Amino acid sequence: MAGEVFLLQLAVVVLLVAAAVVALVVQARSSAMLDARHRTLAAAGTFAESPGIVAALRSPHPSAVLQPSAEAARKIAGVDGINVYTLDGVTIAHSDPRQIGKRVVGPFAKAAAGKSFTETFSGSLGQSVVSVVPVKDADGGVIAVVSSPVTVQNVQSMVNGQLPVVLGSATAVLALSAGGTALVSRRLLRRTHGLGPAEMTRMYKHHDAVLHAVREGVLIVGDRGRLLLANDEARRLLELPADAEGLPVTDLGLEEGIAERIASGRSATDEVHMAGDRLLAVNIRPTAPYGTAGTVVTLRDTTELRALSGRAEVARERLKLLYDAGVQVGTTLDVERTAQELAEVAVPRFADVVTVDLLEPVLHGEEPPRLNTEMRRAASVGLQGDHPLYPVGRLIRFVPTSPMAAGLAGGHAVLEADLRATHHWRAQDPANAQLLLDRGIHSLIAVPLRARGVVLGMAGYWRGEDSPPFDEEDVSFAEELTARAALSVDNARRYTREHNVADTLQRSLLPRGVPEQSAVEVAHRYLAAHAGVSGDWFDVIPLPGARVALVVGDVVGHGLHAAATMGRLRTAVYNFSTLDLPPDELLSHLDELVAHIDTDEQEWEGITGATCLCAVYDPASGRVTAATAGHPGPALVHPDGTVSFPEVPVSPPLGLGEGLPMETAELTLPEGSLLALFTDGLIEGRDRDPDAGLAALRAALAGPARTPEETCTAVIDAVLPTKPSDDIALLVARTRRLDPARIAEWDVPPDPAAVSRVRNACARRLADWGLEDIAFTTELILSELITNAIRYGSEPIRVRLLYDRSLICEVSDGSSTSPHLRRAEDTDEGGRGLFLVAQFAQRWGTRYTARGKIIWSEQALHGEAVPAVAVPEEALLAGWDDEPH
């Protein structure tokens with residue numbers, strides 16, 4: 001409707017303005033033509049009656065006299081020209097000087113007759129208005145005529161000059177009218193909120209129906225605290241008089257508190273006020289910007305909902321507590337800590353005191369027994385100072401009449417609403433029960449900690465002092481809270497069991513001690529990570545020739561799989577070591593094994609990553625050979641206390657070598673040097689850079705000479721991270737050198753006759769060492785080994801005796817062929833030599849070198865070993881068949 005009014009008013013204004021403009025233009029043009037007629041007639045008449053015109057006309061040269069006067073008069077009169085003509089039409093004066101002297105034909109008859117006239121005609125200048133006046137002499141005779149023309153174009157230009165003013169005024173009037181119309185329409189729209197008559201009628205009906213039918217009181221209060229509107233429900237709730245509208249709120253006879261609150265005009269949300277015997281919830285909101293300044297007040301009778309709201313608030317708090325329990329209970333995988341978190345989250349929001357008792361096997365990660373009332377207290381929260389509750393760690397055996405035993409046997413919660421009124425629970429400890437009552441404890445709920453069908457323990461919820469006693473609703477909540485916490489306790493128990501199994505497996509797979517050997521003095525440390533055991537390991541493996549292999553390795557991951565993988569790799573390293581392989585070949589075989597495990601379809605899980613460092617030390621030469629597969633290199637502490645990290649070529653981790661050869665590094669170490677092998681958990685961490693870890697390790701190793709045991713302690717104390725995220729294995733070895741006096745070597749020519757000479761030389765050296773007891777068997781073994789080297793090997797042939805913890809005999813030659821032990825038949829002429837060696841030596845074997853092989857044997861000193869089986873006499877004699885005859 002506002003739009004229609006606006007358009008109608010706009011159309012009327014436009015039509016009125018257009019009509020006014022047309023009328024003004026027509027009137028202006030008519031006035032301009034009339035003015036032109038008057039102006040030309042006046043100009044012509046004035047010039048015709050001017051003094052001296054008659055004398056000028058009768059002068060010899062009238063044009064010379066009249067032309068300047070006519071031009072001056074034209075300019076003064078504002079006409080297009082003042083022209084003078086003789087009666088016969090000859091031009092005497094003209095606005096165009098070129099026309100002087102020319103004859104023209106014009107309507108001069110009336111003027112010649114002595115009459116003036118004005119008319120419109122078309123001439124050389126276009127349509128013009130011209131006035132003609134006769135010039136008379138003193139006798140009244142007409143002697144000439146004067147004409148004054150004005151073109152219509154000049155007349156219209158005068159009118160057009162006035163048109164902008166006219167149009168501007170019309171536009172201003174139009175704009176003013178349109179603006180006023182728009183302002184009125186906008187105000188009308190704002191007043192009606194854009195609604196039409198039908199919509200406004202429907203809105204009023206709905207407003208009236210809602211206002212009086214809603215079961216909530218509505219008041220509209222003006223900015224001065226006067227009541228403007230009250231619906232029926234508000235009148236009922238506040239018992240307002242019939243003429244309440246228009247009166248101040250404070251004069252309506254309301255309760256002082258609610259009257260002042262309504263009249264204040266400040267916002268409020270669900271404020272509770274008394275109005276007579278009713279409890280009203282009051283909401284106050286300002287009406288601006290939706291209406292005039294004031295407030296709207298809603299009143300709701302909450303008398304009947306008061307009790308329900310209290311229960312709803314309790315339910316809300318309980319839900320919040322369950323949510324918090326889900327977040328705060330089970331943050332760790334520690335059984336005792338999880339029990340403590342359950343107690344802490346329930347105090348004081350549900351109970352004043354909470355105790356948690358767990359079955360003994362649960363604390364150790366084991367499966368709980370079916371029926372057992374003996375538990376250990378794992379948590380107690382609520383009572384401070386000296387209190388009668390059993391302390392944490394106390395082993396408790398609950399009597400059958402106790403609520404804990406009843407709940408455990410029945411598998412459900414037990415409620416003791418009033419401990420003062422019952423006595424059977426006191427049988428557990430009468431003196432202690434009385435102390436609890438004296439401290440104000442009066443109510444108890446005992447709930448079994450049940451998870452996955454297994455009871456893990458009991459939770460006791462106690463209330464005292466001013467807290468209300470527990471009821472059946474509290475029992476349901478306690479069961480829900482305990483059930484959620486029980487899952488976390490069971491998860492922690494299962495983790496503890498897996499951790500214990502993995503830790504047991506890990507430690508069972510690690511060396512329990514260091515084997516006896518003379519090459520190095522060894523100390524070691526193994527520390528499991530906080531997250532659980534991993535796959536770090538170390539090993540000290542004695543090798544033939546008094547040598548020793550030092551091995552450190554690491555398997556990525558934690559838990560049983562990592563520990564089992566570590567055991568497999570350690571066993572593989574030990575088995576490869578029995579083949580007396582150099583470190584690079586040993587790691588190559590280990591790399592192939594890991595690659596095979598990863599690709600074996602029958603494996604339940606592959607190896608995610610493994611590294612290994614292997615170093616072989618020879619005390620006879622002081623030389624160490626090291627190779628690494630993705631593992632940090634060793635640290636070397638020189639006898640003077642300086643520390644270095646030898647450059648060891650790093651090959652890819654195990655399983656990633658793809659058949660590429662491993663590289664080695666060789667060093668000759670002075671006697672008394674310390675060789676430290678370690679895993680990356682020692683120098684790396686979540687908050688520590690590996691370079692910083694190496695710097696700390698260097699500082700811990702440097703300094704005066706220390707034993708390996710002291711060095712391990714110093715390194716762990718100085719370098720160990722605060723919370724290791726990975727296992728740590730540390731192996732420290734102090735090198736020793738074999739006494740040169742206990743080493744004997746001979747070169748053997750490829751002549752069978754040389755066997756006896758070497759044998760005799762060996763016998764003399766054994767006598768010097770005091771080993772006459774084993775001289776006979778040693779000569780027998782050497783005879784067989786040297787004979788085989790001469791017969792089947794190639795030069796150079798060399799014999800070496802090493803006197804260490806055992807007597808080591810080594811015979812080397814330039815051939816790579818290896819003898820094999822076999823049992824000779826009765827008809828065979830040979831084949832019994834290695835059989836004799838195997839019977840009289842503790843161990844024997846073959847070690848390949850870059851220039852051939854070494855066949856070695858080890859014998860116990862002073863005849864400590866005897867042959868495992870009886871040796872035939874002919875077999876013994878076969879060992880001496882190389883004697884010269």
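Residues numbered from 1 in each chain as written. Predicted model: local features only at pLDDT ≥ 70, side-chain atom pairs only at ≥ 80, totals over all residues. Heavy atoms only, no water.

Enquirer: Give me the lowdown on helix 19 (residues 754-769), citing residues and values where you can.
Expert: Think of an α-helix as 3.6 residues a turn; residues three or four steps apart then line up on the same face. Compared with the 22 Å implied by 1.5 Å per residue over 16 residues, the 23 Å span of helix 19 between its first and last C-alpha is a close match. Restricting attention to buried positions, one finds in helix 19 the residues Ala754, Val755, Ser756, Val758, Arg759, Ala761, Cys762, Leu766 and Trp769. Where the residues of helix 19 are buried, they touch strand 28 (743-748), helix 20 (775-792), strand 29 (797-803) and strand 30 (807-813). Remark: Gly770 follows helix 19 within two positions and exhibits a positive phi of approximately 75 degrees. (Helix = DSSP H or I, 4+ residues; strand = E, 2+ residues; numbered from the N terminus. Expected span 1.5 Å × (residues − 1). Buried < 20%, exposed > 50% of the residue type's maximum accessible area, 1.4 Å probe, protein only. Contact = heavy atoms within 4.5 Å.)

Enquirer: Explain the packing of helix 17 (residues 690-701) against helix 18 (residues 708-719) to me, using residue names and the numbers behind them.
Expert: Relative to each other, helix 17 and helix 18 sit at 140 degrees, their axes nearing to 9 Å. For helix 17 against helix 18, the interelement crossing comes out right-handed. The residues of helix 18 that touch helix 17, namely those facing Gly693, Ala696, Leu697, Ala700 and Leu701, are Thr711, Ala714, Val715, Ala718 and Val719. Within the contact of helix 17 with helix 18, the residues separate by chemical class into eight nonpolar, two polar and no charged. (Axes fitted to C-alpha atoms, helices over the stretch in contact; angles between N-to-C directions. Left-handed = near helix turned anticlockwise from the far one by under 90°. Nonpolar A, V, L, I, M, F, W, Y, C, P; charged D, E, K, R; others polar.)

Enquirer: Explain the packing of aromatic side chains to me, using residue names and the numbers behind them.
Expert: Evaluation of the coordinates by the stated rule reveals four aromatic pairs. Pairing Phe350 with Tyr461 gives two aromatic rings, centres 5.5 Å apart and planes at 75 degrees, and the pair type is edge-to-face. Of this pair, Phe350 sits in the loop between helix 10 (335-346) and strand 11 (353-359) while Tyr461 is found in strand 16 (residues 454-464), placing the two residues 111 residues apart along the sequence. Ring pairs connect the aromatic residues Phe350, Tyr461, Phe470 and Phe477, which therefore count as one cluster. Lying across the ring of Phe350, Arg463 places its NZ or CZ 5.4 Å from the centre. Over the aromatic face of Tyr803 sits the side chain of Arg742, whose NZ or CZ is 4.0 Å from the ring centroid. (Phe/Tyr/Trp six-rings, centres within 6.5 Å; stacked < 30°, edge-to-face > 60°. Lys NZ or Arg CZ within 6 Å of the ring centre and 35° of its normal.)

Enquirer: Can you tell me about the side chain of Asp804, naming the residues and giving the values?
Expert: Note that Asp804 resides in the loop between strand 29 and strand 30. No salt bridge is formed by the buried Asp804; its nearest oppositely charged neighbour, Arg805, is found at 5.3 Å. Here the side chain of Asp804 touches Ser518 through a polar contact of 3.0 Å, side chain to side chain. The contact partners of Asp804, leaving out residues within four places of it in the chain, are Ser518, Ala546, Leu738, Arg742 and Leu861. (Lys, Arg positive; Asp, Glu negative; His and termini not counted. Salt bridge = Lys/Arg side-chain N within 4 Å of Asp/Glu carboxyl O. Polar contact = N/O pair within 3.5 Å; in protein donor to acceptor, adjacent residues only side chain to side chain.)

Enquirer: Got a sec to walk through the confidence of the model for the protein chain? Specific residues and values, please.
Expert: Considering every residue of the protein chain, the mean pLDDT works out to 82; 86% of them sit at 70 or more. In the model, residues 865-885 has pLDDT below 50 throughout and makes 30 contacts with residues more than four positions away in sequence or in other chains. (pLDDT = per-residue confidence, 0-100.)

Enquirer: How would you summarise the pattern of salt bridges if you had to cite specific residues and measurements?
Expert: Pairing between side chains of opposite charge can happen when the charged atoms of each approach one another. If you walk through the whole model with that rule in mind, you get 37 salt bridges. A salt bridge links Arg236 to Glu233, with the nearest nitrogen and oxygen atoms 2.5 Å apart. With Arg236 and Glu233 both in helix 7 (residues 232-238) and three residues apart, this pair spans about one turn of that helix. Here Asp324 makes a salt bridge to Arg349, at a shortest N to O gap of 2.8 Å. Of this pair, Asp324 sits in helix 9 (residues 306-328) while Arg349 sits in the loop between helix 10 and strand 11, and the two are 25 residues apart along the sequence. With a relative accessible area of 9%, Asp324 lands in the buried category. Take Arg349: its relative accessible area is 41%, and that puts it in the partly exposed class.

Enquirer: Residues and numbers for the nonpolar core, please.
Expert: Counting residues in each nonpolar core, the largest one holds 60 residues, and the members touching the most others are Phe350, Leu358, Ile445 and Tyr461. The leading source of residues in this core is helix 14 (residues 472-509), at eight residues. With sequence-adjacent residues up to four places away left out, Phe350 is seen in contact with Arg318, Leu321, Ile445, Tyr461, Arg463, Phe470, Asp474, Phe477 and Ala478. Among the nonpolar cores identified, the runner-up in size contains 48 residues, and Val520, Leu550, Tyr617 and Leu731 belong to it. (Core = buried A, V, L, I, M, F, W, Y, C linked by side-chain atoms within 4.5 Å.)

Enquirer: Can you lay out helix 20 for me, pointing to particular residues and giving the numbers?
Expert: Compared with the 26 Å implied by 1.5 Å per residue over 18 residues, the 25 Å span of helix 20 between its first and last C-alpha is a close match. Counting buried residues along helix 20, 15 of its 18 residues qualify, which places the element largely inside the surrounding structure.

Enquirer: Tell me about the sheet that holds strand 22 (residues 635-637), residues and numbers included.
Expert: Pairing in this open sheet of five strands is antiparallel, and the strands run 17-27-26-22-23 from one edge to the other. Each edge of the open sheet is held by one strand with a lone partner, namely strand 17 (520-527) and strand 23 (643-644). As judged from the three bridges shared by strand 22 and strand 26 (residues 674-678), these two strands associate in the antiparallel manner. What sits directly across from Ala635, in strand 26, is Ala676. Its contacts with the sheet put helix 18 on strand 17, strand 26 and strand 27 (728-735), and the angle it makes with strand 17 is roughly 30 degrees. (Pairing = 2+ DSSP bridges.)

Enquirer: Could you give me a rundown of the sheet that holds strand 31 (residues 843-849), with the residues and numbers involved?
Expert: Ordered by their spatial adjacency, five strands build an open sheet running 28-29-30-32-31, and the pairing between neighbours is antiparallel. Two strands lie at the open edges of the sheet, namely strand 28 and strand 31, each paired on one side alone. Ignoring strand direction, the axes of neighbouring strands in this sheet form an average angle of 15 degrees. Looking at chain direction, strand 29 and strand 30 are connected through six bridges and run antiparallel. Within strand 30, the position partnered with Arg798 by the bridge is Ser812. Relative to the sheet, helix 19 contacts strand 28, strand 29 and strand 30, its axis offset from that of strand 28 by approximately 170 degrees. In the packing of helix 20 onto the sheet, contacts are made with strand 28, strand 29, strand 30 and strand 32 (852-859), and the angle to strand 30 comes to roughly 10 degrees.

Enquirer: Can you break down the pairing of strand 5 (residues 142-151) residue by residue, with the values?
Expert: Within strand 5, nine of the 10 residues are buried, leaving the element largely enclosed by the surrounding structure. Note: strand 1 (residues 83-86) against strand 5, four bridges, orientation antiparallel. The residue bridging Val84 from the neighbouring strand is Val146, located in strand 5.

Enquirer: Run through the pairing of strand 12 (residues 374-381), naming residues and quoting values.
Expert: Bridge analysis of strand 11 against strand 12 gives six bridges, and the strand direction is antiparallel. Across the sheet, the residue bridging to Val356 is Ala379, located in strand 12. Here strand 12 runs beside strand 13 (residues 395-397); their pairing, made up of three bridges, is antiparallel. Among the inter-strand pairings, Glu374 is bridged to a residue of strand 13, identified as Arg397.

Enquirer: With reference to specific residues and values, describe the state of the cysteines.
Expert: Enumeration according to the criterion identifies zero disulfides in this entry. Unpaired in this structure, Cys612 has its nearest cysteine sulfur neighbour in Cys614, at a distance of 6.3 Å. The exposure class of Cys612 is buried, given its relative accessible area of 0%. Sulfur of Cys809: no disulfide; nearest cysteine sulfur belongs to Cys762 and is 7.1 Å away. (Disulfide = S-S within 2.5 Å.)

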